[in-house]
Amino acid sequence: MARGPVPSWVWAVLVGAHILALGWVLHKGSWDFPDSGRYLQAAENLRVYGELYAKPWLRMPPRGQAVQEFTIRPLGYPLAVLGLRAGMNRPVLLLGLQNLLSLLNIGLVLALWARWARPKASQWALAVVGVLSFPAQLIYANAVMSEMLLQTAVVVMVSVGLSFIRTQREQYFAGVAGASIIALLLKPVFYPLAFVIVGLGMWLAWRVRRINFAFIGLIPLVVVLLYMGWNKERTGYFHFSSIAEVNLLHYNAAGVVRQTEGPAAEEKWVASVLREANSQPDFAARQHVIQSRAGAVLWAHPVVYARQHLQGMAALFLDPGRFDVAQFLRLEPSNGAGLLAQAQTGGLWQALGRLPLAMLSLLGWVLLANVVRLVLAARGFLRLKHSEPGLRYGRWVALGLLLYVAFLTGPLGAARFLVPVWPLLFGLALMGLPKGPERDASGADKAAPVSKDQRQS
C-alpha cells in the first residue's frame, strides 16, 4: 500500500494504460480527430495573423457562412494548442499534459472515495475496472480536443465548491467562479452556467450579508458579455458561439425533419435553409434566418423533438463510443454517423451487423459497464444523504452538472460529451460500492464485535 490514499499498484495500472494509449496515438497519428483541424487552424491563425478563425485565413473579410468560423471555437483551447506548439506533426507536449491532467482528475476522485470508504483490495480492483471500462477517458486524453482540459476545469470547480460548502470562505467561491470562466472559454456549453453563478452569488450575499459574494458571482457573466461584445466587433452579431446555430440547424431541427419525413427531405430542407440564410446581407441576419426556420420545425413537432432530446440525454450516459473507439484505433473511415443517429433512422441493427465481432464485444462490455455505473451512481447519491455536509450537498452539485450538460447537449448526446463531467458520475458510482472496514488510529482494521457465544467458547 502506498503512503497516500491510492495504492501504488492502482497508480501503476492507470499510468501504464495512459502511456500505452499515448504511445499508440503517436505511432498511428490517431490524435487527429475530425474536429481537431479547426482547433489547430485557429491556433495557427492566432500565431500568424492574430485572428481567432477556424479555417484557412484568406486575407480578406469572410462573408456568409464563412463568418461563423470566427466564433465556432472559443479562445481557450486554441491558446493551449498555441502555447504548447501542438501544431507540429506530433503534439507530444499537449498530449502529455492532457494525460497528466487525466491522471490528476481520476486521482482526485479516487482519493476522495478512499478517505470516505476505506476500500479493500477487491474494491480497488473494481475502481480500476470502472476507469478502464470508459475508454473515452483515455481516448480524449490523447486527442487534440478540448475535452480533457475542460474536464480538469470541472473537477477543480467541484473540488473548490466542496471546500466552499465546508468553510463558506470567499476564496473558494472565487475559485468556483474562476474555474467556470476557464470552462466557458473551452466549450460554449458552459457559458450559460455564468447566469447560475450570478444567482448563487446574489443568494449568498443576501444569506450571509456579505456583498463580496455578489461581486464575485458577477465576474463570469462580465467575461461572457465582454466575449460576446468581442464577437460582435468581429462578426456584427452579438453572440457567444456560432456552434449554437450549427447544432440547431444540422442536429436539432434536421433530426426532427429526418424522423418525420425521411433522410431525403432532411437533406433538401437543410439545403434550402442554408441557401436562404447565406443570401442575407449580413451575418446577424443569416443567423436569425436559421433560428427562425429551425425554431418553426421544433414548434411544429414538439413531441418528436422532446423524444429526440430525451434519447440524446440517455445516449450521453449510455453511449459506448463506437465512433471514438474506431477513430482511436483507425478501424474505419470517420463519417460522423453514430449509432444513435442510425437508430433514429431505423438503421441500428444494420449498423451493428456490420461491426467486427471484437468491436461488437468491446462495445457491449462498455455499454454494460455504463449501465452498472449509472445504477451505482444512483445508489451512491442516496447513500451520501447521511454523510458530512460537504459530500451531502456536493452530491447535488455533481448531479446538477451532469443533468446540466445532458440537457444542453440534447440530441447530440454521446460518450465524447460526457467526458468533461464523467469524473462526477464515476465518483458517485464509487460511493455506491460497499464501504470497507473501519480502521483505528494506527490504520489497522477494527475488530468486529464478539458475540456472547464466542466469548463463552
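Relevant structure appears above.
To start, this report covers the structure provided alongside it. (Residues numbered from 1 in each chain as written. Predicted model: local features only at pLDDT ≥ 70, side-chain atom pairs only at ≥ 80, totals over all residues. Heavy atoms only, no water.)

**Section: the overall build of the protein**
Thought 1: Along the backbone of the protein there are 22 helices and zero strands.
Thought 2: For the protein, buried positions account for 50% of its 457 residues.
Thought 3: Long-range pairs, those at least 24 residues apart, make up 73% of the contacts in the protein between residues at least 6 apart in sequence.
Thought 4: Counting only carbon and sulfur atoms, one obtains 65% of the accessible surface of the protein, whose full area is about 21800 Å². (Helix = DSSP H or I, 4+ residues; strand = E, 2+ residues; numbered from the N terminus. Buried < 20%, exposed > 50% of the residue type's maximum accessible area, 1.4 Å probe, protein only. Contact = heavy atoms within 4.5 Å. Areas by Shrake-Rupley, 256 points an atom, 1.4 Å probe, with all protein chains shown as cover.)

**Structural notes on a nonpolar patch on the surface**
Thought 1: There is a patch of nonpolar side chains on the surface, built from Trp9, Val13, Val129, Leu132, Leu362 and Trp365 and spanning about 480 Å² of accessible area.
Thought 2: When contributions to the nonpolar patch are tallied by element, the ones reaching two or more residues are α1 (8-28), α5 (121-132) and α18 (357-383).
Thought 3: Here tryptophan 9 is to be found in helix α1. (Patch = residues over 30% accessible without salt bridge, like charges linked within 9 Å, V, L, I, M, F, W, Y side chains within 5 Å. Salt bridge = Lys/Arg side-chain N within 4 Å of Asp/Glu carboxyl O.)

**A word on the packing of aromatic side chains**
Thought 1: Under the counting rule described, the total for this entry stands at 18 aromatic pairs.
Thought 2: Judged by centre distance (5.7 Å) and plane angle (70 degrees), the rings of phenylalanine 164 and phenylalanine 213 are edge-to-face. One end of the pair, phenylalanine 164, is in helix α7 (residues 147-167); the other, phenylalanine 213, is in helix α10 (residues 212-235), and 49 residues separate them in sequence. You'll find phenylalanine 164 and phenylalanine 213 in the same group, each marked buried. (Phe/Tyr/Trp six-rings, centres within 6.5 Å; stacked < 30°, edge-to-face > 60°.)

**Section: the pattern of salt bridges**
Thought 1: Tallied over the entire structure, the rule returns 10 salt bridges.
Thought 2: Salt-bridge contacts for arginine 73 lead to aspartate 35; the nearest nitrogen and oxygen are separated by 3.7 Å. Separated by 38 residues along the polypeptide, arginine 73 in the loop between α2 (36-49) and α3 (76-83) and aspartate 35 in the loop between α1 and α2 bring together distant segments of the chain.
Thought 3: Between arginine 47 and glutamate 44 there is a salt bridge; the shortest N-O distance is 2.7 Å. Of the two residues, arginine 47 and glutamate 44 both sit in helix α2, three residues apart, roughly one turn of that helix.
Thought 4: Taking relative accessible area as the criterion, arginine 47 reaches 49% and is therefore assigned partly exposed.

**Quick look at the environment of leucine 162**
Thought 1: Here leucine 162 shows up in helix α7.
Thought 2: Taking C-alpha positions, leucine 162 is 8.8 Å from valine 397, a pair spaced 235 residues apart along the chain.

**A short note on the packing of helix α4 (residues 92-117) against α5**
Thought 1: Between α4 and α5, whose axes approach to 12 Å, the crossing angle comes to 155 degrees. In terms of their interaxial angle, α4 and α5 are classed as roughly antiparallel. Here the hand of the crossing between α4 and α5 comes out right-handed. Taken together, the residues of α5 that come into contact with α4 (itself represented by Ile106, Leu110, Trp113 and Ala114) are Gln123, Trp124, Ala127 and Val131.
Thought 2: Class assignment for the residues of the contact of α4 with α5 results in seven nonpolar, one polar and no charged. (Axes fitted to C-alpha atoms, helices over the stretch in contact; angles between N-to-C directions. Parallel < 35°, antiparallel > 145°, perpendicular 65-115°, else oblique. Left-handed = near helix turned anticlockwise from the far one by under 90°. Nonpolar A, V, L, I, M, F, W, Y, C, P; charged D, E, K, R; others polar.)

**What to know about the nonpolar core**
Thought 1: Core analysis: the largest hydrophobic core is formed by 104 residues, its most contacted members being Tyr77, Leu110, Trp113, Phe190 and Leu418.
Thought 2: With 12 residues, the top contributor of residues to this core is α4.
Thought 3: Leave out the neighbours within four places in its chain, and leucine 418 touches Phe134, Leu316, Phe317, Leu402 and Leu425. (Core = buried A, V, L, I, M, F, W, Y, C linked by side-chain atoms within 4.5 Å.)

**A closer look at unusual backbone geometry**
Thought 1: For glutamine 168, which is not glycine, the phi torsion reads 65 degrees and is therefore positive.
Thought 2: By the element assignment, glutamine 168 lies in the loop between α7 and α8 (170-186).

**Observations concerning the environment of arginine 38**
Thought 1: When you line up the elements, arginine 38 lands in helix α2.
Thought 2: Measuring from C-alpha to C-alpha, the distance between arginine 38 and tyrosine 53 comes to 8.3 Å, with 15 residues separating the pair along the chain.
Thought 3: Here arginine 38 is in contact with Ala54, Lys55, Gln68, Glu69, Ile72 and Arg73, once residues within four sequence places are set aside.
Thought 4: At a separation of 2.7 Å, a polar atom in the side chain of arginine 38 contacts the side chain of glutamate 69. (Polar contact = N/O pair within 3.5 Å; in protein donor to acceptor, adjacent residues only side chain to side chain.)

**Let's talk about the packing of α4 against helix α21 (residues 422-431)**
Two quantities define a packed helix pair, namely the angle between the axes and the distance from one axis to the other.
Thought 1: At their nearest, the axes of α4 and α21 sit 10 Å apart, and the two run at 20 degrees to each other. Here α21 runs roughly parallel to α4, going by the angle between their axes. The crossing of α4 and α21 is right-handed. From α4, Val109, Leu110, Leu112, Trp113 and Trp116 reach across to α21, where they touch Pro423, Phe426, Gly427, Leu430 and Met431.
Thought 2: Class assignment for the residues of the contact of α4 with α21 results in nine nonpolar, one polar and no charged.

**Things to note about the side chain of glutamine 137**
Thought 1: Relative to the elements of secondary structure, glutamine 137 occurs in helix α6 (residues 135-141).
Thought 2: In terms of polar contacts, glutamine 137 uses its side chain to reach the side chain of serine 102, at 2.8 Å.
Thought 3: Within the structure, the side chain of glutamine 137 is placed 2.8 Å from the side chain of glutamine 151, a separation counted as a polar contact.
Thought 4: Setting aside chain neighbours within four positions, we find glutamine 137 in contact with Ser102, Ile106, Met148, Gln151, Val419 and Trp422.

**Some words on α1**
Thought 1: Given a rise of 1.5 Å per residue, 21 residues ought to cover 30 Å, and the 30 Å separating the end C-alpha atoms of α1 matches this to within 8%.
Thought 2: A positive backbone phi angle near 70 degrees is found at glycine 29, which sits one or two residues after α1. (Expected span 1.5 Å × (residues − 1).)

**A few points about helix α14 (residues 302-318)**
Thought 1: Its 17 residues place the ends of α14 24 Å apart at the C-alpha level, agreeing with the 24 Å of an ideal helix rising 1.5 Å per residue.
Thought 2: Considered for burial, the residues of α14 that qualify are Val304, Tyr305, Gln308, His309, Gly312, Met313, Ala315, Leu316 and Phe317.

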